[in-house]
Amino acid sequence: MKKIIVILFLTYLFIGCSSEEKTDEELLKLDKIALTKSLDSYKVAPYKFLKIGIRSSITKDTISKEFQSFKTTLNKLSANLMSHDIKEPKKLSWLDYISIYRDYKKMENFIMKTDEDRFPTISDALNVVYGDSIKKQRPYFKGKTKEVVQNLEHTVLSAIVILSKDFGKEISLYECSKTNPDLLPDSEIKTMLHYFRAFLFFEKGLYYLSEEEFSRNIDWLNKNKGIDLPYTRTMFEWGSLTNEQTHTGIHGLNHLFRGFDRLMMERKIDEERALQDFEAFIKDANAMGLQNEITWSIETYLYLKNDKKEKAIASLTKLKSSSLLSSKEKEKIDESIAYLKKRESGSILNSIYDKYFLSKIATKYMFSVLAKVDWKKLLKEQNVPHTDEMFVVIDNVKYTLDNLNKYMTKEGLMQAGEDLKNKGKGLFEKAKEMVK
């Protein structure tokens, strides 16, 4: 009997301890573990393989015996991706892609354990391939300069690939994870990097990582109110705003998405913090005269929280006019309005107009902003060398990944089998042998 009592006591003690709320630091640590696991995926690995092929092709260092055994193969891969004639990039056959896949499988373990940043920058690789005779002799970036350059490269790539079906969000997240804003000097690029990292973490459901980035950015913006923000104006199409208004706008958007992070969290204190962020966003939005889907949705949320039925209906009516919303989402809004007109008190935040619907509107808005950015034009305006060539290489990587995903599995190979058979006797059998 005494043993049973002891066991019950220990069980109760364990349950009591395990049910205690985790601290911010503990939850942030869990997100960091989740991020690391998410990067170890079948989508990221082939992309990393292609990037290492590009960056390692110009290295003058031995690196390791294992790397040396793959050097010839990686050089061949790089030559395919970095076609010298940008007007007529080299076309590869299916058998070429099967060969690339076979090479990838041979060095998969090496790729997964190797940090691509140990190799020269992409800028250096572009310069070696496309630069003139004088530029080709330029020493590679080293030390802190190299860290800054590759940081910017990861940032640009994370932005470019997020909307691409050939790359996807996992690869954008990988590029984002390779960035470190602390390595950049205080500048607009730094605050944009914090914002973009935070948005990607939010979109991936890593709310504590995202919250940390937004919090650091808000602190940074509060300390740098006079900084010029031309890229921000371009990105959000705020060309008519003053620098002060632009600062207010991006400050408000940081509060907005930090509020969404906190709204998705489980603790009561997180919801209270979210409301404070939403109020800060609305204050900034009103100060700059911002009226769009996000302001209407947040106004609705706050009005519902404060039981201001008529004002909530007015904001929902504006929201319904948005082109970002689907017909089903507009039907949801009609249901919300009808419900609000009938009810006397209470809230529908956990049913028709819930936090997931709310965050979905804001996420759609951000993706619509990113989709309008002409990244090539933006880089050219900043006099980034070999911008045209860089986008050709990006397209080559896209195309290669697409074909690897399509044909470099046994199932995909079987689907393509009939076409391979029609191209020549023995090709299909040869292809099967290559992927074994």
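Attention here is on the structure that accompanies the text.

Thresholds, definitions, all that
Residues numbered from 1 in each chain as written. Predicted model: local features only at pLDDT ≥ 70, side-chain atom pairs only at ≥ 80, totals over all residues. Heavy atoms only, no water. Helix = DSSP H or I, 4+ residues; strand = E, 2+ residues; numbered from the N terminus. Buried < 20%, exposed > 50% of the residue type's maximum accessible area, 1.4 Å probe, protein only. Areas by Shrake-Rupley, 256 points an atom, 1.4 Å probe, with all protein chains shown as cover. Expected span 1.5 Å × (residues − 1). Salt bridge = Lys/Arg side-chain N within 4 Å of Asp/Glu carboxyl O. Core = buried A, V, L, I, M, F, W, Y, C linked by side-chain atoms within 4.5 Å. Contact = heavy atoms within 4.5 Å. Axes fitted to C-alpha atoms, helices over the stretch in contact; angles between N-to-C directions. Parallel < 35°, antiparallel > 145°, perpendicular 65-115°, else oblique. Left-handed = near helix turned anticlockwise from the far one by under 90°. Nonpolar A, V, L, I, M, F, W, Y, C, P; charged D, E, K, R; others polar. Phe/Tyr/Trp six-rings, centres within 6.5 Å; stacked < 30°, edge-to-face > 60°. 1 Å grid on protein atoms, 1.4 Å probe; cavity = no way out; pocket = protein on both sides within 12 Å on 5 of 7 lines; lining within 4 Å. Points joined across faces, edges and corners; volume = space filled by probe spheres on them.

Next up on the list: the overall build of the protein chain. Scanning the protein chain for helices and strands turns up 22 helices and 0 strands. Counting the 436 residues in the protein chain, one finds 51% classified as buried. Of the roughly 22,800 Å² of accessible surface on the protein chain, a fraction of 53% belongs to carbon and sulfur atoms.

Along its 13 residues, helix α3 (residues 44–56) runs 18 Å from first to last C-alpha, staying within 8% of the 18 Å computed at 1.5 Å per residue. Summarising burial for α3: 13 of the 13 residues are buried, a large majority.

Our focus in this paragraph is the pattern of salt bridges. If charged atoms from side chains of opposite charge come close, those side chains can pair. With the rule as written, the count across this model stands at 31 salt bridges. Its salt-bridge partner being Arg267, residue Asp24 comes within 2.4 Å of it at the nearest N-O pair. Taken together, the positions of Asp24 in helix α2 (residues 24–39) and Arg267 in the loop between α13 (243–264) and α14 (268–287) put the pair 243 residues apart, joining distant regions of the chain. Given the relative accessible area of 11%, Arg267 is considered buried. Salt bridges here are not isolated pairs; linked through shared partners, they connect Lys51, Arg55, Asp115, Glu116, Asp117, Glu175 and Lys178.

What follows concerns the nonpolar core. One finds Phe236, Phe257 and Ile298 to be the most contacted residues of the largest nonpolar core, which totals 98 residues. Ignoring anything within four residues of it in the chain, the contact list for Phe236 reads Tyr195, Ile250, Leu253, Tyr365, Met366 and Val369. With 12 residues, the next largest nonpolar core counts Leu304, Ile313, Leu319 and Ile333 among its residues.

To continue, consider the environment of Leu184. Along the chain, Leu184 turns up in the loop between α9 (169–177) and α10 (188–203). The class for Leu184 is buried, based on a relative accessible area of 5%. Separated by 37 residues in sequence, Leu184 and Glu147 place their C-alpha atoms 8.7 Å apart. Sequence-distant contacts of Leu184, that is, excluding residues within four places in its chain, are made with Val148, Asn151, Leu152, Ile189, Lys190 and Leu193.

Okay, the packing of α3 against α9 next. Packing of α3 against α9 brings their axes to within 9 Å, and their N-to-C directions diverge by 55 degrees. The orientation of α3 relative to α9 falls into the category oblique. Crossing handedness for the pair α3 and α9: right-handed. Residues Val44, Tyr47, Lys48 and Lys51 of α3 touch α9, and the partners they reach there are Glu170, Ile171, Tyr174 and Glu175. Within the contact of α3 with α9, the residues separate by chemical class into 4 nonpolar, no polar and 4 charged.

Along the chain, the position of Arg258 falls in helix α13. Among all residues touching Arg258, those that are not within four sequence positions of it are Glu211, Phe214, Ser215, Ile218 and Asp277.

This part takes up the packing of aromatic side chains. One pass over the structure, following the stated rule, counts 20 aromatic pairs. Relative to Phe260, the ring of Phe202 has its centre 6.2 Å away and its plane inclined at 35 degrees; by these criteria the two rings are tilted. Of the two residues, Phe202 sits in helix α10 while Phe260 sits in helix α13, which places them 58 residues apart along the sequence. For the pair Phe202 and Phe260, a shared accessibility class is recorded, and that class is buried. A ring pair is formed by Phe278 and Tyr301, whose centres lie 5.6 Å apart and whose planes are at 75 degrees; its orientation type is edge-to-face. Separated by 23 residues along the polypeptide, Phe278 in helix α14 and Tyr301 in helix α15 (residues 293–305) bring together distant segments of the chain.

Looking now at the layout of surface pockets. One number sums up the size of the largest pocket: a volume of about 1,100 Å³. Around the largest pocket sit 42 residues that line it, and Leu152, Glu153, Val156, Leu379 and Val384 are the ones nearest its centre. Going through the elements one at a time, α3, α7 (122–130), α8 (143–161), α10, α12 (230–235), α19 (375–381) and α20 (387–407) are the ones with two or more residues in the lining of the largest pocket. For the lining of the largest pocket, the element with the highest residue contribution is α8, accounting for 7 residues. For the lining of the largest pocket, the per-class residue count stands at 29 nonpolar, 9 polar and 4 charged.

All right, on to the packing of α3 against helix α4 (residues 65–81) then. Contact geometry of α3 with α4 gives a least axis separation of 8 Å together with a crossing angle of 95 degrees. Judged by the angle between their axes, α3 and α4 are roughly perpendicular. Side by side, α3 and α4 meet where Phe49, Leu50, Ile52, Gly53, Ile54 and Ser56 of the first sit next to Phe67, Lys71, Leu74, Leu77, Ser78 and Leu81 of the second. Partitioning the contact of α3 with α4 into residue classes produces 8 nonpolar, 3 polar and 1 charged.

Looking now at unusual backbone geometry. Look at Asp307: it is not a glycine, yet its phi comes out positive at around 60 degrees. Relative to the elements of secondary structure, Asp307 occurs in the loop between α15 and α16 (309–320). With a phi angle near 60 degrees, Asn383 is a residue other than glycine that sits in the positive phi range. As for its position among the elements, Asn383 is in the loop between α19 and α20.

With that settled, consider the side chain of His247. By secondary structure assignment, the location of His247 is in helix α13. Setting aside its immediate chain neighbours within four residues, His247 contacts Leu221, Asn224, Lys225 and Leu229.

A few words on the environment of Tyr101. As for its position among the elements, Tyr101 is in helix α5 (residues 94–106). With a relative accessible area of 19%, Tyr101 lands in the buried category. Residues Tyr101 and Asn405, spaced 304 residues apart in sequence, show a C-alpha to C-alpha distance of 9.6 Å.

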